[in-house]
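# Structural features, examined
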Amino acid sequence: MVGCSSLPSDVEKKDVLPDIYPDYKGVTVPVDIAPLNFNAVDEGVTVLDVVVRGSKGGELHVNGEYADFDVADWHELTEKNKGGKLTFTVCMLKDDKWTQYKDFTVDVSSYPLDEWGLTYRRIAPGYEVYSKMGLYQRDLSTFKEYAIIENTQVPGMCVNCHSSAQTNPSRFVFHVRGEHGATMFQMDGQREWLRAKNDLLGGSMVYPYWHPSGKYCAFSTNQTRQGFHVVPKERIEVFDLSSDVFVYNPLTHEILTDSLLSTSDWSENSPVFSPDGRTLYYMTCRQQEYPVYFKDEKYNLCKIAFDPETGKFGEHVDTIFNAVQQGKSLTWPRPSYDGRFLLFTLMDYGYFSIWHEESEQWIMDLQTGEARPLTEVNSPHADSYHNWNVNSRWIVFTSRRDDGLYSKLYLASIDEKGRATKPFLLPQRNPKKYYGESLYSFNTPDFTKEKVLFDAHAAGKEILSDKRVDTKVR
């Protein structure tokens, strides 16, 4: 877009920041992120002229309908300015008149991303039918997206709850719902399809999280139901008739259970391992009569010891964050891989935070036990599911802040003291066109160290074959 004939002349200067989409003003980015392309919010703007100067050197100039930076040139500039700043000078042409706005800056973090990209699910923001949906992966240094598997291969199939071992996709798992339900394990390129339900468990294997050794994978087994609200701004409620937590050994096909994690009066849910593999965090709620008392569904954060050598659990459970005492409910615990912090989402009740406008991100210091709302990233709309990158300096999470309806992906940096930077929307080549025309919500995002290698064509045949591996409870 460089070289457009419509360059700024007779420019009027305004001491206000430009109104751009996405709002990248004052954000912090890693050096290897895709270019921060942006549009003018005002539909009457016909040309954007943008100059970007690095505090440590380098300059870019683009001119056209939107700010469209060359990928290679952008990366050369960010690499040169690692630990520095980029200053953006924006001019806009409207009604044949040029206006120059106040400069804004973007910090280029000294923290590396250390990831190839993201994995996530894209799905229509409804609940009656699955429509077209699937699991996808995105190269974070470019705008390229690749499908891992889509439900168009198997009619009526829903894929969800994917996870890799500390962002390493050599250990990859996801769950298939529908007539051909299964839980898929791919380890070093070899796939297995587990029978989705086990009578001894009482439900399917969902919400997986890998042990750091790759030897185990924690799950919950949930009998999930949904109900529909009849009041404005509330659409759907998700609750479990029962749920328990267990650990699975994919090499022996054994399910490791414990009476402390499978109680009749409590719903245990969403287990995650500590980075050293010796603690299992999970959330728990006193079982309610659903759907009558759905607003009494409130979860606390608990932990139990786990011995990876024997596969045995500890003899007692500790509550480490009592959300119920605050009249709240906790969901989606995620410890940082350096073992210092733990992210979770706090809401009024329940655990399906994507449907709760009041849901917000919290962070706990695992050294001190102190927790606080992560106000630096929270918004008036639902801020929900999240994950850490492998070096524990970046997070990705979903938020409906953009339009209140569609959940989109945002990234932010978190420093050694647990302070977060202003989050930024996942970059796209032409952001206004991409997000304006998209009919899908993003959810369950995670980082991936390298591209997920998955033979979707062969997997589709395997799903339809209904050939399944049985599990056994130890």
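Preceding block: the structure.
Residues numbered from 1 in each chain as written. Predicted model: local features only at pLDDT ≥ 70, side-chain atom pairs only at ≥ 80, totals over all residues. Heavy atoms only, no water.

### Observations regarding the pairing of strand β5 (residues 45–54)
What counts is decided by this rule: Only protein chains enter the accessibility calculation, which uses a 1.4 Å probe; a residue whose area is less than 20% of its type maximum is buried, one above 50% is exposed, and one in between is partly exposed. Strands here mean DSSP runs of E at least two residues long; helices mean DSSP runs of H or I at least four residues long; both are numbered from the N terminus. Being paired, for any two strands, means DSSP has found at least two bridges between them.
Counting buried residues along β5, eight of its ten residues qualify, which places the element largely inside the surrounding structure. Looking at chain direction, β5 and strand β7 (residues 85–94) are connected through nine bridges and run antiparallel. Note on β7: the bridge partner recorded for Arg-53 is Thr-87. For β5 and strand β6 (residues 59–64), the ladder comprises six bridges, and the chain directions are antiparallel.

### A look at the pattern of salt bridges
Formally: Any Lys or Arg side-chain nitrogen found within 4 Å of a carboxyl oxygen on Asp or Glu counts as a salt bridge.
Under the counting rule described, the total for this entry stands at 23 salt bridges. For Asp-23, the salt bridge goes to Lys-25, with nearest N and O atoms at 3.1 Å. Exposure remark for Asp-23: the relative accessible area of 37% places this residue in the partly exposed category. A residue is classified by how much of its surface remains accessible, and Lys-25, at 16% relative accessible area, is buried.

### Observations concerning empty space enclosed by the protein
A water-sized probe, rolled over the atoms, reveals where empty space remains. Note the cut-off: Cavity means a closed set of points on a 1 Å grid over the protein atoms alone, one where a 1.4 Å probe fits but cannot get out, pocket means an open set with protein on both sides within 12 Å along at least 5 of 7 lines, and lining means a residue has an atom within 4 Å of a point. Grid points are joined across faces, edges and corners, and a volume is the space filled by probe spheres set on the points. The residue classification treats Ala, Val, Leu, Ile, Met, Phe, Trp, Tyr, Cys and Pro as nonpolar and Asp, Glu, Lys and Arg as charged. All others, Gly included, are polar.
Tallying each qualifying case throughout the model produces two cavities of 30 Å³ or more. Taken as a whole, the second largest cavity encloses approximately 30 Å³ of empty space. In terms of lining, the second largest cavity is formed by Tyr-406, Lys-408, Tyr-435, Ser-438, Tyr-440 and Phe-442. Per-class residue counts for the lining of the second largest cavity are four nonpolar, one polar and one charged.

### Comments concerning the nonpolar core
For clarity, the cut-off: Take the buried Ala, Val, Leu, Ile, Met, Phe, Trp, Tyr and Cys residues and link them wherever side-chain atoms come within 4.5 Å; each set so joined is a nonpolar core.
Residues Phe-38, Val-50, Phe-69, Phe-88, Val-247, Leu-280 and Phe-321 are the most contacted members of the largest nonpolar core, which totals 91 residues. By size, the runner-up hydrophobic cluster in this structure holds 20 residues, among which are Met-157, Cys-158, Val-176 and Met-184.

### Some thoughts on the sheet that holds strand β15 (residues 182–187)
We apply this condition: Orientation is described by lines fitted to C-alpha atoms, with helices fitted over the stretch in contact, and by angles between N-to-C directions that extend from 0 to 180 degrees.
Judged by pairing direction, the sheet is antiparallel, and its four strands sit side by side in the order β13-β14-β15-β16 without closing on themselves. Looking at the sheet topology across the chains shown, the edges are occupied by β13 (158–165) and β16 (190–195). Looking at each pair of strands side by side, their axes are set apart by 20° on average, direction ignored. Sheet topology places strand β14 (residues 168–177) next to β15; six bridges connect them, and they run antiparallel. For His-175, the partnering residue across the bridge sits in β15 and is Thr-183.

### Examining the pairing of strand β33 (residues 408–413)
The element β33 is extensively covered by neighbouring structure, given that six of its six residues are classed as buried. In β33, alternate side chains face the same way, and those of Lys-408, Tyr-410 and Ala-412 on one face and Leu-409, Leu-411 and Ser-413 on the other are all buried. Of the pairings in the sheet, the one linking strand β32 (residues 394–399) to β33 comprises six bridges and is antiparallel in character. Bridge assignment links Val-396 to a residue of β33, and that residue is Leu-411. Sheet analysis places β33 next to strand β34 (residues 424–425), joined by two bridges and oriented antiparallel. Note on β34: the bridge partner recorded for Tyr-410 is Leu-425.

### Some details on unusual backbone geometry
Geometrically, the link from Tyr-21 to Pro-22 is a cis peptide bond, its omega value of -5° lying close to zero. Along the polypeptide, Pro-22 turns up in the loop between β2 (20–21) and β3 (28–29). Despite not being glycine, Asp-114 has its phi angle at roughly 60°, a positive value. With respect to the element layout, Asp-114 can be found in the loop between β9 (104–108) and β10 (117–123). Residue classification places Asp-114 among the partly exposed residues on the basis of a relative accessible area of 39%. If you check the backbone angles, Cys-161 has positive phi at about 55° while not being a glycine.

### Focus: the sheet that holds strand β23 (residues 266–273)
The four strands lie next to each other as β23-β24-β25-β26, forming an open sheet whose pairing is antiparallel. The sheet is open, and its two edges are formed by β23 and β26 (312–321), each paired on a single side. Between one strand and the next, the sheet's axes are offset by a mean angle of 30°, whatever the strand orientation. Both β23 and strand β24 (residues 279–286) contribute to a ladder of six bridges, which runs antiparallel.

### As for the packing of aromatic side chains
Note the threshold: Any two of the Phe, Tyr and Trp rings considered here, Trp counted by its six-membered ring, make a pair once their centres fall within 6.5 Å; the pair's planes then place it as stacked at under 30 degrees, edge-to-face at over 60, or tilted in between. Each ring is checked for a lysine NZ or an arginine CZ that lies within 6 Å of its centre and within 35 degrees of its normal; such an atom marks a charge sitting over the ring.
All told, the structure shown has 24 aromatic pairs when counted by the stated rule. Where Trp-332 meets Tyr-385, the ring centres are 4.9 Å apart and the plane angle is 55°; that geometry is what we call tilted. On the criterion of sequence distance, the pair formed by Trp-332 in strand β27 (residues 329–335) and Tyr-385 in strand β31 (residues 383–388) is long-range, its members being 53 residues apart. Each of the two residues, Trp-332 as well as Tyr-385, counts as buried. With a centroid separation of 5.1 Å and 85° between ring planes, the pair formed by Tyr-434 and Tyr-435 is classed as edge-to-face. On the accessibility criterion, Tyr-434 (27% relative accessible area) is partly exposed. Of note, Arg-191 hangs over the ring of Phe-454, and the distance from its end group to the ring centre comes to 5.5 Å. It is Arg-401 that lies over the ring of Tyr-410; its NZ or CZ is 4.9 Å from the centre.

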